[in-house]
Amino acid sequence: MRYSALSVFFNGLRGNSNWAAAWRQPEPKPHYDVLIVGGGGHGLATAYYLAKQHGIRNVAVLEKSWLGAGNIGRNTTIIRSNYLLPGNNPFYELSMKLWEGLEQDFNYNAMVSQRGVLNLYHTDAQRDAYTRRGNAMRLHGVDAELLDREAVRERLPFFDYDNARFPIKGGLLQPRGGSVRHDAVAWGYARGADERGVDIIQHCEVTGIRRENGRVVGVETTKGFIGTNKLALATAGHSSQTARMVDMTLPLESHVLQAFVSEGLKPFIDSVVTYGAGHFYVSQSNKGGLVFGGDIDGYNSYAQRGNLATVEHVAEAGVAMIPSLSRVRVLRSWGGVMDMSMDGSPIIDRTHIDNLYLNAGWCYGGFKATPASGFCFAHLIATGEPHATARAFRLDRFRRGYVIDEKGQGPQPNLH
Ligand SMILES: Cc1cc2nc3c(=O)[nH]c(=O)nc-3n(C[C@H](O)[C@H](O)[C@H](O)COP(=O)(O)OP(=O)(O)OC[C@H]3O[C@@H](n4cnc5c(N)ncnc54)[C@H](O)[C@@H]3O)c2cc1C
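Along each chain, residue indices are assigned from 1 in the same order as the chain's sequence is written. A pLDDT threshold of at least 70 governs which residues receive local features in this predicted model, and a stricter bar of 80 or more applies before side-chain atom pairs are shown or counted, although totals over entire chains, interfaces and linings include all residues. Only hydrogens and water are removed before side-chain values are computed, so all heavy atoms of the structure are retained for them.

Student: What is the right way to look at the environment of Ala382 in this model?
Tutor: Mapped onto the elements of the fold, Ala382 is located in helix α9 (residues 370–383). Between the C-alpha atom of Ala382 and that of Tyr49, which follows or precedes it by 333 residues, the distance is 9.9 Å. For Ala382, the contacting residues outside a window of four places in its chain are Leu50, His54, Ile56 and Lys230. Helix and strand labels come from DSSP, where a helix needs a run of H or I of at least four residues and a strand needs a run of E of at least two; each type is numbered from the N terminus. Pairs of residues are marked as contacts when any of their non-hydrogen atoms sit within 4.5 Å.

Student: Please explain the nonpolar core as it appears in this structure.
Tutor: One recurring pattern in soluble globular proteins is that nonpolar side chains are buried together. Membership of the largest hydrophobic core comes to 53 residues, with the highest contact counts inside it found for Ile36, Tyr49, Phe91, Tyr189 and Ile348. Residue assignment for this core shows that the elements contributing at least two residues are β1 (31–37), α2 (41–54), β2 (59–62), α3 (89–106), α6 (182–195) and α9. Apart from residues lying up to four places away in sequence, Tyr189 is in contact with Leu44, Ala45, Tyr48, Tyr49, Leu102, Phe106, Thr370 and Pro371. In these notes, a set of buried Ala, Val, Leu, Ile, Met, Phe, Trp, Tyr and Cys residues joined through side-chain atoms within 4.5 Å is what counts as a nonpolar core. Partly exposed describes any residue whose relative accessible area lies between the buried limit of under 20% and the exposed limit of over 50%, with all areas from a 1.4 Å probe on protein chains only and scaled to the type maximum. Grouped together as the second largest cluster of nonpolar side chains are 25 residues, Leu35, Cys204, Val216 and Ile347 included.

Student: Teacher, can you tell me more about α6 here?
Tutor: Think of an α-helix as turning once every 3.6 residues; residues three or four places apart then point the same way. Any helix carries an expected span of 1.5 Å times its number of residues minus one. Compared with the 20 Å implied by 1.5 Å per residue over 14 residues, the 20 Å span of α6 between its first and last C-alpha is a close match. Residues His182, Asp183, Ala184, Val185, Ala186, Gly188, Tyr189, Ala190, Arg191, Gly192, Ala193 and Asp194 constitute the buried set of α6. Buried residues along α6 sit against α2, α3, β8 (199–201) and α9.

Student: Would you mind going over the environment of Gly192 with me for this structure?
Tutor: Position of Gly192 relative to the elements: it lies in helix α6. Taking the relative accessible area as the measure of exposure, Gly192 reaches 1% and is therefore buried.

Student: Please clarify how the side chain of Gln202 should be interpreted in this entry.
Tutor: Here Gln202 lies in the loop between β8 and β9 (206–212). Owing to a relative accessible area of 13%, Gln202 belongs among the buried residues under this scheme. Any pair of nitrogen or oxygen atoms within 3.5 Å is treated as a polar contact; in protein, a donor-acceptor pairing is required on top of that, and neighbouring residues in sequence qualify only through side-chain atoms on both sides. At 3.3 Å, the side chain of Gln202 and the side chain of Gln25 are in polar contact. A polar contact is formed between the side chain of Gln202 and the backbone nitrogen of Leu67, at a distance of 3.0 Å. Ignoring any residue separated from it by four or fewer positions in sequence, one finds Gln202 in contact with Trp23, Gln25, Glu63, Ser65, Trp66, Leu67 and Lys223.

Student: Help me out: how do you make sense of a nonpolar patch on the surface in this one?
Tutor: Patches draw on residues past 30% relative accessible area with no salt bridge. Two like charges within 9 Å are joined, as are two nonpolar side chains (Val, Leu, Ile, Met, Phe, Trp, Tyr) within 5 Å. Residue exposure ignores everything except the shown protein chains as possible cover, and the areas themselves are Shrake-Rupley values with a 1.4 Å probe. Any Lys or Arg side-chain nitrogen found within 4 Å of a carboxyl oxygen on Asp or Glu counts as a salt bridge. On the surface, Leu6, Phe9, Phe10 and Leu13 cluster together into a nonpolar patch covering about 450 Å² of accessible area. Note on placement: Leu6 falls in helix α1 (residues 5–13).

Student: I'm lost on the sheet that holds strand β12 (residues 252–264) in this one. Help?
Tutor: Strand pairs in the sheet, formed through backbone hydrogen bonds, run parallel or antiparallel to each other. Paired strands are those between which DSSP finds at least two bridges. Strand order in this open sheet of eight strands is β5-β6-β4-β13-β14-β15-β12-β16, and the pairing throughout is mixed. Edge positions in the sheet fall to β5 (145–148) and β16 (330–341), since each has one partner strand and no second. Averaged over all adjacent pairs, the angle separating strand axes in this sheet is 25°, with direction ignored. Bridge count for strand β4 (residues 117–121) against strand β13 (residues 272–274) is three bridges, and the pairing is parallel. For helices, the axis comes from a line fit to the C-alpha atoms of the stretch in contact; other axes are also lines fit to C-alpha atoms, and the angle between any two N-to-C directions lies between 0 and 180 degrees.

Student: Honestly, the packing of α2 against α6 in this entry has me stumped. Any pointers?
Tutor: The geometry of a pair of packed helices is captured by two quantities: the angle between their axes and the separation between those axes. For the pair α2 and α6, the least separation of the axes is 8 Å and the interaxial angle reads 30°. Between α2 and α6 lies a crossing of left-handed hand. Contacts between α2 and α6 pair Leu44, Ala45, Ala47, Tyr48 and Tyr49 from the former with Ala186, Tyr189, Ala190, Gly192 and Ala193 from the latter. Looking at side-chain class alone, the contact of α2 with α6 contains nine nonpolar, one polar and no charged residues. In this scheme the crossing of two helices becomes right-handed for a clockwise turn of the near helix relative to the far one and left-handed for an anticlockwise turn of less than a right angle. As a working rule, the residues Ala, Val, Leu, Ile, Met, Phe, Trp, Tyr, Cys and Pro are called nonpolar, Asp, Glu, Lys and Arg charged, and the rest polar, with Gly in that last group.

Student: Even after reading the chapter, I still don't get the pairing of strand β18 (residues 356–360), so can you show me in this structure?
Tutor: Every other side chain in a regular strand lies on the same face of the sheet, so the side chains alternate between the two faces. Of all five residues in β18, five are buried, a share of seventy percent or more. Neither face of β18 is exposed, since Leu356, Leu358 and Ala360 on one face and Tyr357 and Asn359 on the opposite face are all buried. Pairing of strand β11 (residues 224–233) with β18, which is carried by three bridges, proceeds in the parallel orientation. Along β18, the bridge assignment pairs Ala232 with Tyr357. Judged from the four bridges that link them, strand β17 (residues 347–350) and β18 form a sheet pairing that is antiparallel.

Student: Is there a simple way to explain the state of the cysteines in this structure?
Tutor: Where two cysteines share a covalent bond between their sulfur atoms, that bond is called a disulfide. Our working definition of a disulfide is a cysteine sulfur pair at a distance within 2.5 Å. Scanning the model with the defined rule gives zero disulfides in all. You can see Cys363 has no disulfide; the closest cysteine sulfur is in Cys376, sitting 17 Å from it. Taking the relative accessible area as the measure of exposure, Cys363 reaches 6% and is therefore buried.

Student: How should I be thinking about the packing of aromatic side chains in this particular structure?
Tutor: The way to describe two aromatic rings as a pair is by their centre distance and the angle between their planes. Only Phe, Tyr and Trp rings are paired, with Trp represented by its six-membered ring, and only when their centres lie within 6.5 Å; those with planes under 30 degrees apart are stacked, over 60 edge-to-face, the remainder tilted. As enumerated under the stated definition, the model contains 19 aromatic pairs in all. With centroids separated by 5.3 Å and ring planes inclined at 45°, the aromatic side chains of Trp99 and Phe367 adopt a geometry described as tilted. Residue Trp99 is located in helix α3, and its partner Phe367 is located in the loop between β18 and α9; the two are separated by 268 residues in the primary sequence. An identical accessibility class is assigned to Trp99 and Phe367; each is buried. Ring plane angle 90° and centroid distance 6.3 Å describe the contact between Phe106 and Tyr108, whose orientation is recorded as edge-to-face. The burial state of Phe106 is the same as that of Tyr108; both residues are buried. One aromatic cluster in this structure is built from Tyr3, Trp19, Tyr48, Tyr49, Phe106, Tyr108, Tyr189 and Phe375. Here Arg191 stacks its cationic end above the ring of Tyr3, 3.6 Å away from the centre of that ring. Here, a charge over a ring means that NZ of Lys or CZ of Arg falls within 6 Å of the ring centre while also lying within 35 degrees of the ring normal. In this structure, Arg210 packs its charged tip against the face of Phe225, placed 3.8 Å from the ring centre.

Student: Even after reading the chapter, I still don't get helix α8 (residues 308–321), so can you show me in this structure?
Tutor: Compared with an ideal rise of 1.5 Å per residue, which puts 14 residues at 20 Å, α8 spans 20 Å between its outermost C-alpha atoms and is within 8% of the ideal. Taken together, the buried positions of α8 are occupied by Thr310, Val314, Ala317, Gly318 and Met321. In an axial view of α8, the angular spread of the buried residues amounts to 100°, which keeps them on one side of the axis. Along α8, the residues that are exposed and aim more than 90 degrees away from the buried face are Leu308, Ala309, Glu312 and Glu316. Residues of α8 that are buried in the fold lie against β4, β12, β13, β14 (280–284) and β15 (289–300). Put simply, Asn307 is the residue that caps the front of α8, since its side-chain oxygen is 3.1 Å from the backbone nitrogen of Ala309. Along the arc lie the directions from the helix axis toward the C-beta atoms.

Below is the structure:
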């Protein structure tokens with residue numbers, strides 16, 4: 001069924017009893033051309049683009065939990081393409097362009113809201129670094145504007161400009177950045193993939209990978225063995241675990257990242273804002289709640305919850321930026337498991353096993369990458385060749401020394 005204003009109207013007249021399920025609940029077939037492990041944003045987007053761009057429809061996505069249980073349903077929904085390095089910049093801009101046409105493309109309201117992403121700066125040195133980044137963005141055709149203190153104050157009058165320990169001096173704005181409703185992205189891709197014949201199999205955990213003569217022939221799952229010609233891993237924070245099934249050790253660590261939502265407030269932040277003197281980012285949802293986060297918890301864990309010390313650390317940075325935040329109540333918080341790579345950049349590549357493909361290392365920036373990641377991963381799986389914009393995200397870059405270290409922090413996942 002195609003969603004439209006008219007279909008909403010006429011279904012409303014009939015008591016909303018005629019809506020079809022957004023995707024089927026099939027049992028797995030014995031064999032697929034492509035199996036994707038992980039029904040998060042990246043796995044579902046990959047299935048969608050395999051079917052849509054490449055006509056490969058005999059595909060299944062295997063998800064151990066329910067769709068949206070992982071990071072795709074846990075993130076703070078920020079999208080942007082404000083990168084400095086050539087390896088990253090065109091890729092994230094491809095993603096931004098795909099976001100801009102996504103709702104029409106997959107016929108689903110994902111609430112793509114290009115309300116702007118503003119990175120505050122607090123020192124002259126930081127201003128120079130942001131000027132350089134903004135210039136690099138503009139050279140790549142990405143929108144960027146450097147705002148002075150008064151221009152920031154005009155947009156955000158309730159921030160602390162005068163008595164702050166780290167006074168705000170200005171900001172780098174990407175007007176096309178913003179936020180997207182995260183779980184609707186999973187649902188939209190799932191529906192679009194299902195419509196094209198992809199089987200989405202929830203509550204089906206992959207417990208082993210079967211190999212014969214150096215090739216993957218299928219996976220052991222909680223629903224039995226499923227054969228495949230090609231296997232694609234898109235398990236985000238659990239990538240080390242699934243890679244270990246074929247004795248691979250990845251240059252990744254799994255860390256917890258928390259997110260927070262406050263009680264509803266009148267509108268006072270109209271874009272996404274990041275603090276430059278600490279790790280804190282915030283936006284205001286359509287319901288009025290502040291959605292914010294900060295640093296990862298800094299220890300390795302597969303638990304989808306964080307600890308209080310980090311809550312305090314994040315709140316401290318928030319209050320330093322907006323002192324009145326101290327009177328706001330937090331309603332909800334949760335954690336997700338991040339696949340932190342050693343240079344802070346992702347991996348979209350084949351592996352040493354001919355028909356095994358890997359999509360991982362998204363750290364805490366993988367939501368904005370969802371469309372481009374799926375697009376490029378599907379291209380790689382279908383053609384055997386990396387997509388031009390994802391060429392830098394090779395697994396062997398760590399061995400060759402061609403890391404893409406956007407923050408220049410070296411191999412320290414807790415700093416990326
Ligand atoms: C609190 C928080 C805030 C974030 N904020 C942002 C943000 O603002 N902007 C941004 O760009 N990014 C953000 N991120 C990062 C982003 O959410 C992730 O990088 C991205 O969602 C990861 O890709 P995914 O959607 O495919 O992951 P997931 O949704 O985690 O998908 C992986 C799936 O694999 C499944 N799986 C694992 N092992 C198996 C198995 N053995 N068998 C079957 N299935 C398996 C898991 O159940 C999971 O559903 C944030 C993350 C968190 C946690």
